[in-house]
Amino acid sequence: MLPATFCHLKGLPGGGEGKLWESGILTWAHYERCPAPPLSLKKAEQVRAQLQASQRALEELNAAYFLERLPARAFPRIYPHFKGRIAYLDIETTGLDAYSEITTIALYDGRAVQTFVNGVNLDDFADAIGSFSLVVTYNGSRFDLPFIRRKSNLPMDMAHLDIARTLRSQGFSGGLKLCERLLGIRRQVPEAINGLEAVHLWYLHRSGDATALSKLLAYNTQDVLSLELLLIKSYNTSMRRYPLFKPLSLPKQPRIVWPD
């Protein structure tokens, strides 16, 4: 959790967070009450001022403040404080070039999934995304968010946590499916369905296939459900050295129906 986090502070020596924990300073409140932190007087005061600013940012639920300062491996520590305000986001498109279009968008808030389909309700996405404080994606910094900005003119300027960056920093590299396997996450949809097949399903839908859109939306939905699980697992990895660490359990998620 953030009040136990010190690795976002400037001027703290390498490994400083662990040293504070080892000295018994486990939270920001502990630091405030400590008459002599294990730092030089100047650094101790710099840290104190930054912790006061951090406390204000947390009270204001300012996710961007922490994402701008935390190392990528520690991004997930904001999760407990923003649970219920997070939009897990994934898009499907007709391709990767400038002429490609968004076909579907899946949005998950930790309770229910909303889907948006080109030619049906894609314009409703703008209102839906506006109610969230934080967006979580996999590789969305390079793909999903720039694509949405380019195709819809939405600024998409809310705080953004790209879980791919966090996983790489924790030693899990590769695509979404590989990271799922490495972390023991099982998909509810067939493993064979991939991005190329998602494009094919879209065109099958446009040509009149009755089940193609349902399959595409199920695939899109699976990706956003996986984002929540990856975030929680990476949170547990980030906090495992904390002396009072208690791992978060994985939540029960919506069931995906895969059409025959």
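For the structure itself, look to the data block above.
Residues numbered from 1 in each chain as written. Predicted model: local features only at pLDDT ≥ 70, side-chain atom pairs only at ≥ 80, totals over all residues. Heavy atoms only, no water.

### Section: the packing of helix α10 (residues 195-206) against helix α11 (residues 212-239)
When two helices pack together, their arrangement is given by the angle between the helix axes and by the axis-to-axis distance. The N-to-C vectors of α10 and α11 enclose an angle of 150 degrees; their axes lie 8 Å apart at closest approach. By the angle between their axes, α10 is roughly antiparallel relative to α11. When you trace α10 past α11, the crossing you get is left-handed. Note on element contacts: α11 touches α10 through A212, L213, K215, L216 and Y219, opposite G195, A198, L201, W202, L204 and H205. Residues belonging to the contact of α10 with α11 are distributed by class as follows: eight nonpolar, two polar and one charged. (Axes fitted to C-alpha atoms, helices over the stretch in contact; angles between N-to-C directions. Helix = DSSP H or I, 4+ residues; strand = E, 2+ residues; numbered from the N terminus. Parallel < 35°, antiparallel > 145°, perpendicular 65-115°, else oblique. Left-handed = near helix turned anticlockwise from the far one by under 90°. Contact = heavy atoms within 4.5 Å. Nonpolar A, V, L, I, M, F, W, Y, C, P; charged D, E, K, R; others polar.)

### Some remarks on the sheet that holds strand β2 (residues 102-108)
Spatial strand order, β3-β2-β1-β4-β5: five strands in an open sheet with mixed pairing. Both outer strands of the open sheet, β3 (113-117) and β5 (159-162), are each paired with one neighbouring strand and no more. The sheet shows a mean angle of 25 degrees between the axes of neighbouring strands, direction not considered. Across three bridges, the pairing between strand β1 (residues 86-93) and strand β4 (residues 134-137) is parallel. Note on β4: the bridge partner recorded for A87 is V135. Helix-sheet contacts for α11 involve β1, β2, β3, β4 and β5, and the interaxial angle to β1 is about 140 degrees. (Pairing = 2+ DSSP bridges.)

### A look at the side chain of N220
Here N220 is to be found in helix α11. Given the relative accessible area of 0%, N220 is considered buried. In this structure N220 touches D90, I91, E92, T104, I105 and A106, once residues within four positions along its chain are discounted. (Buried < 20%, exposed > 50% of the residue type's maximum accessible area, 1.4 Å probe, protein only.)

### Regarding the packing of aromatic side chains
For the structure shown, the criterion picks out six aromatic pairs. Residues W28 and F66 carry aromatic rings whose centres are separated by 6.4 Å and whose planes lie at 15 degrees to one another, so their mutual orientation is stacked. With W28 in helix α2 (residues 28-33) and F66 in helix α4 (residues 63-67), this pair connects stretches of sequence that are 38 residues apart. Owing to a relative accessible area of 4%, W28 belongs among the buried residues under this scheme. Given a relative accessible area of 1%, F66 falls into the buried group. Aromatic ring contacts, followed pair by pair, group W28, Y65 and F66 into a single cluster. Here R69 stacks its cationic end above the ring of Y65, 3.7 Å away from the centre of that ring. In this structure, R150 is placed above the aromatic ring of F147, and the distance from its NZ or CZ to the ring centre is 4.8 Å. (Phe/Tyr/Trp six-rings, centres within 6.5 Å; stacked < 30°, edge-to-face > 60°. Lys NZ or Arg CZ within 6 Å of the ring centre and 35° of its normal.)

### Comments concerning the nonpolar core
Within the largest apolar cluster, 59 residues are counted, with the highest numbers of intra-cluster contacts made by F6, I78 and L134. Looking at this core, the element that brings in the most residues is α11, giving 10 residues. In contact with I78, other than residues within four places in its own chain, are L2, A63, F66, L67, L70, L134 and L161. (Core = buried A, V, L, I, M, F, W, Y, C linked by side-chain atoms within 4.5 Å.)

### Here we look at helix α3 (residues 41-59)
Its 19 residues give α3 an end-to-end C-alpha distance of 27 Å, which sits within 8% of 27 Å, the value for a rise of 1.5 Å per residue. Buried within α3 we find A44, V47, R48, Q50, L51, S54, A57 and L58. Against the buried residues of α3 lie α2, α4 and α5 (79-82). Taken from the residues just after α3, L61 is the one with a positive phi, measuring 50 degrees. (Expected span 1.5 Å × (residues − 1).)

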